[in-house]
Structure formats: C-alpha cells, structure tokens
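Remarks on the overall topology
Each chain, letter by letter, is given below.
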Amino acid sequence: MLAQGVESAYLTDAFGDIIDVVQGWSGAQYGRTAAETKALKVLADHGRAMTFLASDGIEPGNEGRGYVLRRVIRRAVQHGRRIGLEDAFLGRLHARVVELLGDAHPEVRGEAARVAALLEAENLSARVLARTFPGVGWVRVVERSISWIAWISVGLWVTGISAEVTLDAIRR
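One structure accompanies this document, and this report is about it.

Description of the overall build of the chain
- Helix and strand counts for the chain stand at 9 helices and 0 strands.
- Listing the helices and strands of the chain from first to last along the sequence gives α-α-α-α-α-α-α-α-α.
- Residues classed as buried in the chain amount to 45% of the 172 residues present.
- Excluding contacts between residues fewer than 6 apart, the proportion of contacts in the chain whose partners are at least 24 apart in sequence is 59%.

What follows is the structure in structure tokens.
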C-alpha cells in the first residue's frame, strides 16, 4: 500500500483493476456509499479467490474446501446483485482475473475454460433457486421457516447456513 501511495489494499494493483472493471459494469463507485464500496471490495476479493480455488481443482460442494468455494461464489453473486449486476457476471469477473493474473500464474490461464464452465453451472444453480422461490430471493428464504428446503435443493447443509447470510437477511 505504501509503495503505491494508497490508503487501502483494495486500491492497489492487486484489486484496483478488478474494482475499476466492476464499476464500469455496474455503475457503482468505490467510496460513494458504504454499501457500494463493500460490494466492490467483496467482488474484487471473491473474484480472485474463486478463480484461484477453482484453478487448483476445487469444485463447489457440500463440505470442506468445496463448501468454501460455493460460499465464495454465492457471496459474490449476492454482492453483485446489490449493485445491479443481474446477469451472469461471474464469467466476466473470472475472465478479468485471468487476464490480469494469468501471466504471473499460468495455472490460472490453463484452467480458465474449466473454471468458466464450473462458474456457469453454479450460476445455473442460483437461477433455479430464484425460480423455485420467485420474488423471495435465496437470502430471504433464510428468514423463513422453510429455509432448509432452499439450502438442500442447492446442495448446502441445513447446518451450513452461515451467520453472515442470516444476519444480512435479518438486517434487510
């Protein structure tokens, strides 16, 4: 941070280029509101995380590393929607990370097509859930007594509902 003369790690080259691209897609601005800034930070961080996790051969699942990847992807989708990214933006986010970091990390470039397909499959899962509970949204399902149906239908443990998702739902 000090070498680049910025106040936040999110404004360094490591995250700043990703944030700039997401700002262009969404119209959100870093620093304009706390909610927009948080969403941009989450997308920059999670875009990198999901790309590297999936490039290392981890696939979304119900336990262990797979569960971590699934939560990273779902949280990225959640924050993307908060700033107006409704379409399948995960693939574009992944492509940008590969473009920026693929030379320094050749394994990321080598696994790009497989990871893109994996992200599309997870995006399809999220769309199925949205159709299953129209107008409710997967986070709002947590607020209701039927939350276990939504979580089981997309391959998540009933006991795996994170405190963050629950608290976000309660705040809204």
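Right, picking up where we left off after that structure.
Here's the deal with the side chain of Glu36
- Position of Glu36 relative to the elements: it lies in helix 2 (residues 34-55).
- Side-chain polar atoms of Glu36 contact the backbone nitrogen of Gln29, separated by 2.9 Å.
- A polar side-chain atom of Glu36 sits 3.0 Å from a polar atom in the side chain of Arg32.
- Excluding residues within four positions of it along the chain, Glu36 makes contact with Ala28, Gln29 and Ile83.

Considerations on the environment of Glu111
- Looking at the element boundaries, Glu111 is found in the loop between helix 5 (106-110) and helix 6 (112-132).
- Here Arg114 takes part through its side chain, which lies 2.6 Å from a polar atom of the side chain of Glu111.

Digging into the pattern of salt bridges
- This model, assessed by the stated rule, comprises 7 salt bridges.
- Close ionic contact of Arg32 with Glu36 constitutes a salt bridge, the shortest N to O distance being 3.0 Å.
- One salt bridge in this structure joins Glu59 and Arg114, with 3.9 Å as the shortest N-O distance. In this pair, Glu59 is assigned in the loop between helix 2 and helix 3 (64-82) and Arg114 in helix 6, connecting sequence segments 55 residues apart.
- We classify Arg114 as partly exposed; its relative accessible area is 29%.
- Here the salt bridges do not stand alone but share partners, grouping Glu59, Glu111 and Arg114 into one network.

Quick word on the packing of helix 1 (residues 13-26) against helix 2
- In the contact formed by helix 1 and helix 2, the axes pass within 9 Å of each other and the chain directions differ by 120 degrees. Judged by the sense of rotation from one axis to the other, the crossing of helix 1 with helix 2 is right-handed. Touching Ala14, Phe15, Ile18, Ile19, Val22 and Gln23 of helix 1 are Leu40, Leu43, Ala44, Asp45 and Arg48, all from helix 2.
- Broken down by class, the residue content of the contact of helix 1 with helix 2 amounts to 8 nonpolar, 1 polar and 2 charged.

Quick notes on the nonpolar core
- Counting 27 residues, the largest nonpolar core has Val22, Leu43, Met50, Ile73, Ile83, Leu90 and Leu119 as its most contacted members.
- Contributing elements (two or more residues each) for this core: helix 1, helix 2, helix 3, helix 4 (90-101) and helix 6.
- Excluding residues that lie within four positions of it along the chain, Leu90 makes contacts with Met50, Ile73, Ala76, Val77 and Leu119.

Section: helix 1
- The terminal C-alpha atoms of helix 1 lie 20 Å apart, and with 14 residues this matches the ideal 20 Å at 1.5 Å per residue to within 8%.
- For helix 1, every residue scored as buried is listed here: Phe15, Gly16, Ile18, Ile19, Val22, Gln23 and Ser26.
- Trailing helix 1 by a residue or two, Gly27 shows a phi angle of about 85 degrees, which is positive.

Analysis parameters
Each residue is numbered by its place in its chain's sequence as written, counting from 1. Two thresholds apply to this predicted model, a pLDDT of at least 70 for residue-level local features and 80 or more for giving and counting side-chain atom pairs, whereas whole-chain, interface and lining totals are computed over all residues. The side-chain quantities take in all heavy atoms of the structure and omit both hydrogens and water. In DSSP terms, a helix is any run of H or I states spanning at least four residues, a strand is any run of E spanning at least two, and both are numbered starting from the N terminus. Categorising residues by exposure relies on relative accessible area from a 1.4 Å probe, with only protein chains included: less than 20% of the type maximum marks a residue as buried, more than 50% marks it as exposed, and the intermediate range marks it as partly exposed. Here, residues are in contact when the closest pair of their heavy atoms is within 4.5 Å. Pairs of N or O atoms are called polar contacts if they sit within 3.5 Å, as long as, within protein, a hydrogen donor faces a hydrogen acceptor (for residues adjacent in sequence, only side-chain-to-side-chain pairs). Any carboxyl oxygen of Asp or Glu that lies within 4 Å of a side-chain nitrogen of Lys or Arg is treated as forming a salt bridge with it. To obtain each axis, a line is fitted to C-alpha atoms, and for helices this fit is confined to the stretch in contact; angles are then taken between N-to-C directions over 0 to 180 degrees. Put simply, a crossing is left-handed when the front helix is turned counterclockwise from the back one by less than a right angle, and right-handed when it is turned clockwise. For this scheme, ten residues count as nonpolar: Ala, Val, Leu, Ile, Met, Phe, Trp, Tyr, Cys and Pro. Four count as charged, namely Asp, Glu, Lys and Arg, and the remainder, Gly too, count as polar. For the purposes of this section, nonpolar cores are sets of buried Ala, Val, Leu, Ile, Met, Phe, Trp, Tyr and Cys residues that join through side-chain atoms within 4.5 Å. To estimate how far a helix should reach, multiply one less than its number of residues by 1.5 Å.

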